[in-house]
Amino acid sequence: DAGVTQSPTHLIKTRGQQVTLRCSPISGHKSVSWYQQVLGQGPQFIFQYYEKEERGRGNFPDRFSARQFPNYSSELNVNALLLGDSALYLCASGGLLPTGELFFGEGSRLTVL
Amino acid sequence: AQRVTQPEKLLSVFKGAPVELKCNYSYSGSPELFWYVQYSRQRLQLLLRHISRESIKGFTADLNKGETSFHLKKPFAQEEDSAMYYCALLTLNQAGTALIFGKGTTLSVSS
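Residues numbered from 1 in each chain as written. Chains lettered and ligands numbered in written order. Predicted model: local features only at pLDDT ≥ 70, side-chain atom pairs only at ≥ 80, totals over all residues. Heavy atoms only, no water.

A. Structural context of the sheet that holds strand S8 (residues 74-78) of chain A. Residues and elements named next belong to chain A. The antiparallel open sheet is built from four strands, whose spatial order is S1-S3-S8-S7. Of all the strands in the sheet, just strand S1 (5-7) and strand S7 (64-68) have a single pairing partner and so form its edges. The sheet shows a mean angle of 15° between the axes of neighbouring strands, direction not considered. Both S7 and S8 contribute to a ladder of five bridges, which runs antiparallel. The partner of Phe 64 across the bridge, within S8, is Val 78. (Pairing = 2+ DSSP bridges. Helix = DSSP H or I, 4+ residues; strand = E, 2+ residues; numbered from the N terminus. Axes fitted to C-alpha atoms, helices over the stretch in contact; angles between N-to-C directions.)

This is the structure we're talking about:
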């Protein structure tokens, strides 16, 4: 099993642009979560999707959106990029009760200039 | 407020020394806590969860509800334990779950 895969691994954008990040969960996992990790901080929850429906949203502006497809893969979109959006964006699958364990991808590193 | 605090940014110890990585939490419900670890050039992965009361790679963590703590301990540190360690709190978010992470502690074990 390849585990959680994310693409692209690195990307550079300029302020005001839009970005789409992609994630494929572990085979059989129906839940995908997105986290933002700014340098020097722990990951911060953005979204959780389960069975193509949003099940949770963190404290992020409406510029952040996501969706989940019938094959359970997911996209995270960020519009009107700001310098402060520069971060490592982590996708994770799993996270369901009772264990709550998340399996993370390697992340997409976004740099906004 | 739901919060996880890891007061130490960096912990440096010598091989064979005991290790304690501190974690305190704030949560109104019954907490479910985890320790995640990230080794160099590897992805973030689960180390242990309090509910299973297991010992992984010699590490243990006990939930102390009175002190709202979940410190990670190992009696004898090894060089391969050098990594970034994150304490995380599981919260219920609408019909789903979300983890609240601390800022992390870098453990450096030298010989």
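There's more to say after this.
B. Fine view of the sheet that holds strand S3 (residues 19-21) of chain B. Residues and elements named next belong to chain B. Taking strand neighbours across the sheet as the criterion, the three strands line up as S3-S8-S7 in an open arrangement whose pairing is antiparallel. Two strands close off the open sheet at either side, each with one partner strand: S3 and strand S7 (60-61). Where S7 meets strand S8 (residues 72-74), two bridges bridge the pair, whose relative direction is antiparallel. Of the residues in S8, the one forming a bridge with Ala 61 is Leu 72.

C. Structural context of the interface of chain A and chain B. Counting residues at the interface gives 25 residues for chain A, matched by 20 residues for chain B. Each partner contributes to the roughly 1900 Å² buried at the junction of chain A and chain B, and carbon and sulfur atoms together form 48% of this total. Inspection of the region where chain A meets chain B yields two salt bridges. Notably, a salt bridge pairs B:Arg49 with A:Glu101, separated by 2.8 Å at the nearest N-O pair. Our count for the chain A to chain B interface comes out at nine residue pairs in polar contact (both at pLDDT 80 or more). Sorting the residues of the side of chain A that touches chain B by element identifies strand S4 (31-37), strand S5 (44-50), strand S6 (53-57) and strand S10 (102-104) of chain A as the ones contributing at least two each. (Contact = heavy atoms within 4.5 Å. Buried area = accessible area lost by both parts, 1.4 Å probe. Salt bridge = Lys/Arg side-chain N within 4 Å of Asp/Glu carboxyl O. Polar contact = N/O pair within 3.5 Å; in protein donor to acceptor, adjacent residues only side chain to side chain.)

D. Fine view of the pairing of strand S11 (residues 108-112) of chain A. All names here are of chain A. Burial of the side chains of S11 is restricted to one face: Ser 108, Leu 110 and Val 112 are buried, whereas none of Arg 109 and Thr 111 on the reverse face is. Sheet analysis places strand S2 (residues 10-13) next to S11, joined by four bridges and oriented parallel. Each bridged residue has a counterpart across the sheet, and for Leu 11 the counterpart in S11 is Leu 110. In this structure, strand S9 (residues 87-94) lies alongside S11, joined through three bridges in antiparallel fashion. The residue of S11 that forms the bridge with Tyr 89 is Ser 108. (Buried < 20%, exposed > 50% of the residue type's maximum accessible area, 1.4 Å probe, protein only.)

E. Structural detail: the state of the cysteines. All names here are of chain A. A full pass over the atoms with the stated rule returns two disulfides over all chains. Sulfur-sulfur distance for the disulfide between Cys 23 and Cys 91 comes to 1.8 Å. The sign of the -65° torsion about the S-S bond sets the Cys 23-Cys 91 disulfide as left-handed. A residue pair is termed long-range when its members are at least 10 positions apart, and Cys 23 in strand S3 (residues 19-24) and Cys 91 in strand S9 qualify at 68 residues. The same class applies to Cys 23 as to Cys 91, namely buried. (Disulfide = S-S within 2.5 Å.)

F. The nonpolar core, seen in detail. By size, the foremost hydrophobic cluster in this structure holds 24 residues, and its most contacted members are B:Trp35, B:Leu47, B:Leu48, B:Phe70, B:Leu72 and B:Tyr85. Among the secondary structure elements, those contributing two or more residues to this core are strand S2 (10-14), S3, strand S5 (32-38), strand S6 (45-49), strand S9 (83-93) and strand S11 (105-110) of chain B. Element by element, the count of residues in this core is highest for S9(B), at four residues. Apart from the residues within four sequence positions on either side, B:Leu72 is in contact with B:Val19, B:Glu20, B:Leu21, B:Trp35, B:Leu47, B:Leu48, B:Phe59, B:Thr60, B:Ala61 and B:Tyr85. Grouped together as the second largest cluster of nonpolar side chains are 22 residues, A:Leu11, A:Val32, A:Phe47 and A:Ala66 included. (Core = buried A, V, L, I, M, F, W, Y, C linked by side-chain atoms within 4.5 Å.)

G. Spotlight on the environment of A:Ile12. Residue and element names in this part refer to chain A. Relative to the helices and strands, Ile 12 is located in strand S2. Along the primary structure Ile 12 and Leu 110 are separated by 98 residues, whereas in three dimensions their C-alpha atoms are 5.9 Å apart. The contacts of Ile 12, once residues within four sequence positions are left out, are Thr 111 and Leu 113.

H. Structural context of the packing of aromatic side chains. The tally for this structure, following the rule as stated, stands at eleven aromatic pairs over all chains. When the centroid spacing of 5.6 Å and the interplanar angle of 65° are considered together, the rings of A:Tyr35 and A:Phe45 count as edge-to-face. Here A:Tyr35 is found in strand S4, whereas its partner A:Phe45 is found in strand S5, with ten residues between them in sequence. Residue A:Phe45 is classed as buried on the basis of its relative accessible area of 8%. Here the aromatic residues A:Tyr35, A:Phe45, A:Phe104, B:Phe34, B:Tyr36, B:Tyr86 and B:Phe101 are joined through ring pairs into a cluster of three or more. (Phe/Tyr/Trp six-rings, centres within 6.5 Å; stacked < 30°, edge-to-face > 60°.)

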